[in-house]
Amino acid sequence: DAVSITNVTVPDREYWLMLWHRPDDPTWVNRVEFGCEYSISPAPATPPTITWLKGSFTDRQVIYKWSSSGEEYVHSEFAGRVSVPSRTHPTLVLTDAKFDDWGRYWCRVTNEDQSDDFGTDEESRLFWYRYGYDPARGSHYSFVEVDKTPVRVKTGATARLHCEGLGGKEASIAWFKGPSCTQDGNCNVYEMVINKTAVGHRSPDPGTVNVSPKYAGRASLGANNMGDTLDLTITDIRPTDVGRCWCTNDWPLAMPWNELRSRNAQSVVVLLDDEAPSCDGKADGMYRDPGDCSRYYTCSGGWLYGPVPCLTGLFFNEALQVCDWPNNVACV
């Protein structure tokens, strides 16, 4: 069956929003807008459900929900203060913002025609209500960046999921899979794949890595000369591994002014495709996509980049390492 993948992006997510307290100006309106954009491919027959949540990735509450049927829900604490003017561009508008409104806000888009985790994606932005100077609100926060291009991998092969962000022993690092729904209708259930605990800067303890029994012996975090990175590697890919994986971190969690409520996350989907390109056992170089002669991918240090399309009408020639005329390429 065709998979419809939902991708959500929040503009300027790498920056936090600040609202300055202005008691001296009665005309000041405490209004904040959290932008949100999304794409669903292929497009669904019914409109998606738009949900805005507040809190950390692992501990959130729904503050606004606009279901595909048109029904709206607003949390009592935000009654009369939040709205989403457009379903196609579901920006959250928060008026009469209060000091306790600070935190991380998540835009979630759910394609009701795709009931599994391929159909739900979300991103967040941190809101900081500045009242004087308070370093606990905004000066240290979690930030990750995942390449959202779907990862196509063969059965039994290795999937490498790249995530940018601060790692090392001072960071708490975790990867989750989901979301899934329980029988009671809770669709905020995430399965832990792997996580590493944070430790202090001067501690000799490198931190503890915990792997879910489902991924025992198959899941590992990346490493460099500074310690752990946020990259996830899963070997011996199985059909049950397909779905949406989330990268999240907290750095430096050991510092007293960092709070779990700021935890960020971003996702990428893993697709099972036995015709997918692979760099396993291949030397560095460019290779033709086995499923499409007009595309090629690059292997470098065991990592796969691409696939990339040739110009229209050309096929990739592995022998010459260039895009070439079709009559010069044996496309099988």
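In this text, all values refer to a predicted model and were calculated from it rather than measured experimentally.

Calculation rules
Residues numbered from 1 in each chain as written. Predicted model: local features only at pLDDT ≥ 70, side-chain atom pairs only at ≥ 80, totals over all residues. Heavy atoms only, no water. Disulfide = S-S within 2.5 Å. Helix = DSSP H or I, 4+ residues; strand = E, 2+ residues; numbered from the N terminus. Buried < 20%, exposed > 50% of the residue type's maximum accessible area, 1.4 Å probe, protein only. Salt bridge = Lys/Arg side-chain N within 4 Å of Asp/Glu carboxyl O. 1 Å grid on protein atoms, 1.4 Å probe; cavity = no way out; pocket = protein on both sides within 12 Å on 5 of 7 lines; lining within 4 Å. Points joined across faces, edges and corners; volume = space filled by probe spheres on them. Nonpolar A, V, L, I, M, F, W, Y, C, P; charged D, E, K, R; others polar. Domains from an automatic or database assignment. Contact = heavy atoms within 4.5 Å. Pairing = 2+ DSSP bridges.

### Describing the state of the cysteines
Inference 1: Per the counting criterion, the structure on display carries four disulfides.
Inference 2: A sulfur-sulfur distance of 2.0 Å marks the disulfide that ties Cys-36 to Cys-107. Here the S-S torsion is close to -75 degrees, and the disulfide linking Cys-36 with Cys-107 is therefore left-handed. Taken together, the positions of Cys-36 in the loop between strand S3 (32-34) and strand S4 (37-41) and Cys-107 in strand S10 (residues 103-110) put the pair 71 residues apart, joining distant regions of the chain.
Inference 3: By relative accessible area, Cys-36 is classed as buried at 0%.
Inference 4: Through a disulfide, Cys-163 is tied to Cys-247; the S-S separation comes to 2.1 Å. Torsion about the S-S bond of the Cys-163 and Cys-247 cystine: about -85 degrees, corresponding to left-handed handedness. With Cys-163 in strand S15 (residues 163-164) and Cys-247 in strand S21 (residues 243-250), this residue pair connects regions lying 84 residues apart in the sequence. Of the two residues examined, Cys-163 and Cys-247, each falls in the buried class.

### Regarding the pattern of salt bridges
Inference 1: Summed over all chains, the structure comprises 17 salt bridges.
Inference 2: Arg-60 is the salt-bridge partner of Glu-122, the closest N and O atoms lying 2.3 Å from each other. Within this pair, whereas Glu-122 is found in strand S11 (residues 120-130), its partner Arg-60 is found in strand S6 (residues 59-66), the two being separated by 62 residues in sequence.
Inference 3: Between Arg-81 and Asp-101 there is a salt bridge, and its shortest N-O distance comes to 2.8 Å. Remark: Asp-101 occurs in the loop between strand S9 (92-94) and S10 and Arg-81 occurs in the loop between strand S7 (72-74) and strand S8 (82-83); sequence separation between them is 20 residues.
Inference 4: The buried category is assigned to Arg-81, whose relative accessible area is 9%.
Inference 5: According to the relative accessible area criterion, Asp-101 is buried, its value standing at 5%.
Inference 6: One network of salt bridges, with partners in common, ties together Arg-13, Asp-121, Glu-123, Glu-145, Lys-148 and Arg-244.

### Some points on the layout of surface pockets
Inference 1: Roughly 670 Å³ of volume is contained in the largest pocket.
Inference 2: Residue lining of the largest pocket: 26 residues in total, with Val-151, Arg-160, Leu-304, Tyr-305 and Gly-306 positioned closest to the centre.
Inference 3: A per-element tally of the lining of the largest pocket places strand S25 (residues 303-309) first, with five residues.
Inference 4: Classifying every residue of the lining of the largest pocket gives 14 nonpolar, six polar and six charged.
Inference 5: A domain-level breakdown of the lining of the largest pocket finds at least three residues from each of domain 2 (138-274) and domain 3 (285-328).

### What about the environment of Glu-145?
Inference 1: Its place among the elements puts Glu-145 in strand S12 (residues 145-146).
Inference 2: Overall, the relative accessible area of 34% leaves Glu-145 in the partly exposed class.
Inference 3: Taking the C-alpha atoms as reference points, Glu-145 and Gly-165, 20 residues apart in sequence, are found 6.6 Å from one another.
Inference 4: Once you skip the residues sitting within four places of it in the chain, Glu-145 turns out to touch Arg-13, His-162, Cys-163, Glu-164 and Gln-266.

### A look at the pairing of S10
Inference 1: Within S10, eight of the eight residues are buried, which leaves it mostly tucked inside the rest of the structure.
Inference 2: Pairing of strand S5 (residues 49-56) with S10 involves six bridges; the strand directions are antiparallel. Residue pairing for S10: Leu-53 is matched across the bridge by Trp-106.

### A short note on the pairing of strand S24 (residues 292-300)
Inference 1: Pairing between strand S23 (residues 285-289) and S24: five bridges, direction antiparallel. Within the sheet, the bridge partner assigned to Tyr-287 lies in S24 and is Tyr-297.
Inference 2: Joining the antiparallel neighbours S23 and S24 is a turn of two residues.
Inference 3: Bridging between S24 and S25 involves five bridges; their strand directions are antiparallel. Paired with Ser-300 across the bridge in S25 is Trp-303.
Inference 4: Turn length for the S24-S25 hairpin, with the two strands adjacent in sequence and antiparallel, is two residues, and the turn residue Gly-301 shows positive phi of about 65 degrees.

Note that all results are geometric; they support no functional claim without further evidence.
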